[in-house]
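Residues per chain are reported as follows:
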Amino acid sequence: MSLRNYLFSITEPAVLSTSLLEDENIQFDIPQQNSFGDFSTNIALLLAKKAKTNPRQLAQKIVDAIKYDEQIISKIEIAGPGFINFFYSSGFIANSILSILEAKSNFGKSDKYSGKKANVEFVSANPTGPLTVGHGRNSVFGDTVSSLLEWVGYSVDREYYFNNAGRQMRVLGDSVRIRYLQLLGSDIEFPADYYQGEYITDIAKSLVEEHGDKLKEENAEGLFKDKAENVIFSDIKETLGRLGIRHKHFYNENTLYEEGKIKSVLNIFSEKGMSYEKEGATWLKLAELGNDQDKVIVKSTGEPTYRLPDIAYHITKFERGYDLIIDIFGSDHKDTYPDVLAALKSLGYNTEAIKVLLHQFVTVIKDGEVVKMSTRKANYVTLDELVDEVGVDVTRYFFNMRSVSSHMNFDLDLAKKQSDDNPVFYLQYAHARICSIIRNAKEAGLESSTDSLITLSTSEEQSLIKKLLLFPDIVLFAANSFETHKITGYLQELAECFHRFYTVCRIIGSEQKLAESRLSLALATQIVLQNGLTLLGLSAPERM
RNA sequence: GCCCCGGUAGCUCAGUGGAUAGAGCGUCGGUUUCCUAAACCGUAGGUCGGAGGUUCAAGUCCUCUCCGGGGUACCA
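Being a predicted model, the structure only gives us computed values, none of them experimental.

1. Some details on the nonpolar core
Next, step 1: Ile62, Tyr88, Leu149, Ile326, Phe399, Phe410 and Ile487 are the most contacted members of the largest nonpolar core, which has 137 residues in total.
Next, step 2: Here this core gets 11 residues from one element, more than from any other, and that element is helix H21 (residues 512–536).
Next, step 3: Not counting the four nearest positions on each side in its chain, Ile487 is found in contact with Leu148, Ile474, Val475, Ala478, Gly532, Leu535 and Leu536.
Next, step 4: Counting 29 residues, the second-largest nonpolar core is a separate cluster that includes Leu256, Val265, Val298 and Ala342.

Quick look at the structure:
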């Protein structure tokens, strides 16, 4: 039982006994100041009005009714306007690290959602060019959210949705074709709105090498497009692979056409009277569903707009039996998904199961200037270049350390310059330090023991243990809110607690029982650091 | 016009309606006969964009407003 759960178990009956608890949830916060205890609740402040009494009197009444184990809780105080502050006994805290040492790599995991299936769709960039730093945020965040969900029991399928047909891809194929002709000496002009990137020329070069001038009469959509798609897609997968990201499914939009799912959705809309024809196009009655206005789902050219396959695609996710469906988009998709959700809802699907997580844009700053990202204009910094410069760990850490709702500034020069002094190294260093202690202890013949954990009583030791015990709560909280930056923030605080402990509390050379206990504490810290780093997809180095 | 996100220390950003608003980097100063100084300790730095309101309590919730970003297609 976590520390928080124990408090709930003793406090709820006490509050109930005052006959005041109805729908109020008892919250336990960790106060900023140690003098306010290990945990604090404001329940008396919230219920005072209902109880027609003042908060402090009510708090006293509740405290009097709390039955607790004095081995666990050392004291309960009322403070300020009516807070109830709980102090755990230091012996109980110290012995709690047993749970960490026993759980090992499972510490922090829970089975809260076991048996549930989740689908997390992310990256989903069409194969028109290399992944950029902008895609990096989506990729890393999506992968980490997936891991978080796995840690709380979900079975997670990572999915990549792509489209290798349509106008974009025609332009891509034609871009390669024109570069190919230019390489063969043609003075044909390269249109300004075609893909300007150098990778296009590279692909054209390899075609020249493979086929000579035999492709002069080929059209854009055949070999040129296919070659471009294959090369680009394998680059994308390689980049993701470097970051440790592997999708289980690559879902091709084309499948929806081949399997008749587009037609079938169209038929349903038509049968239900949800669509109509106007000016040669097919419109969906979104206004009736509470959205701003009706939107086109099939253009007058006969081509569907993106909404139609998106709807059909999400239907397949429901059909595939997912309990939780997560879509990770950049903020530029803000106005597209409400249409899809409204349509799905009207078809009887439970759209509560769909969570659309929008992340704000990454502003890349290079040489002191903002880089305006555009694949078409070849004005971008690729994700590969970023990984080359700062490494996998820094890249993953950086994209996970900010709330996704915040616009992120990514100063490349700074990231490079600070790579020796980066926050990720701070916590990796804590891990390496522990590994070093373990090596030295072995040499000195010191073995860890949990027989006298009660000797861990200094404020540095106690703070560290309390921080360690918090990990499962943080994981669950982060998973429920899909916030990976809660994990990076927590690990940062944990490393800080450890470094302080390390500075003040010597292990090897201390009195035997104390040394054994402190070594146990170091081992427990190593477990939590390693688990946290693993969850984020970062390495836990043994030496630095 | 309308919709979404942001505005908190010099910079980048945390901050469950709670007690004296925090961290990292940068400033300035200190710590090493001792398990890794990629560390630790201290210092300075704030009208939480602005104005109203709700509340015992507002950086946090509501209204209005200013600034920056994104969107508002028969593009995706």
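2. Description of the sheet that holds strand S14 (residues 408–411)
Next, step 1: Read from one edge to the other, the open sheet built from three strands follows the order S13-S12-S14, with strand pairing classed as mixed. The open sheet has two free edges, formed respectively by strand S13 (369–371) and S14, since each of these has just one partner strand. With strand direction ignored, the average angle separating the axes of adjacent strands in the sheet is 35 degrees.
Next, step 2: In the sheet, strand S12 (residues 362–366) pairs with S14 via four bridges, with the strands oriented parallel. Bridge pairing links Val362 to Met408 in S14.
Next, step 3: In the packing of helix H15 (residues 392–400) onto the sheet, contacts are made with S12 and S14, and the angle to S14 comes to roughly 155 degrees.

3. Overview of the packing of aromatic side chains
Next, step 1: Inspection of every chain in the model, using the stated rule, returns 22 aromatic pairs.
Next, step 2: Aromatic side chains Tyr88 and Phe92 sit 5.7 Å apart centroid to centroid with 15 degrees between the ring planes, which places their arrangement in the stacked category.
Next, step 3: Note on Phe92: relative accessible area 26%, which makes it partly exposed.
Next, step 4: Taking the centre distance of 5.6 Å and the plane angle of 50 degrees together, the rings of Tyr160 and Phe233 count as tilted. A residue pair is termed long-range when its members are at least 10 positions apart, and Tyr160 in strand S5 (residues 155–162) and Phe233 in helix H9 (residues 220–242) qualify at 73 residues. For the residue pair Tyr160 and Phe233, the accessibility class agrees, reading buried in each case.
Next, step 5: Three or more aromatic residues link up through ring pairs in this structure, and these residues are Phe107, Trp151, Phe471 and Tyr490.
Next, step 6: Across the ring face of Phe398, the terminal group of Arg402 is positioned such that the distance to the ring centre comes to 5.1 Å.

Thresholds applied
Residues numbered from 1 in each chain as written. Chains lettered and ligands numbered in written order. Predicted model: local features only at pLDDT ≥ 70, side-chain atom pairs only at ≥ 80, totals over all residues. Heavy atoms only, no water. Core = buried A, V, L, I, M, F, W, Y, C linked by side-chain atoms within 4.5 Å. Buried < 20%, exposed > 50% of the residue type's maximum accessible area, 1.4 Å probe, protein only. Helix = DSSP H or I, 4+ residues; strand = E, 2+ residues; numbered from the N terminus. Contact = heavy atoms within 4.5 Å. Pairing = 2+ DSSP bridges. Axes fitted to C-alpha atoms, helices over the stretch in contact; angles between N-to-C directions. Phe/Tyr/Trp six-rings, centres within 6.5 Å; stacked < 30°, edge-to-face > 60°. Lys NZ or Arg CZ within 6 Å of the ring centre and 35° of its normal.

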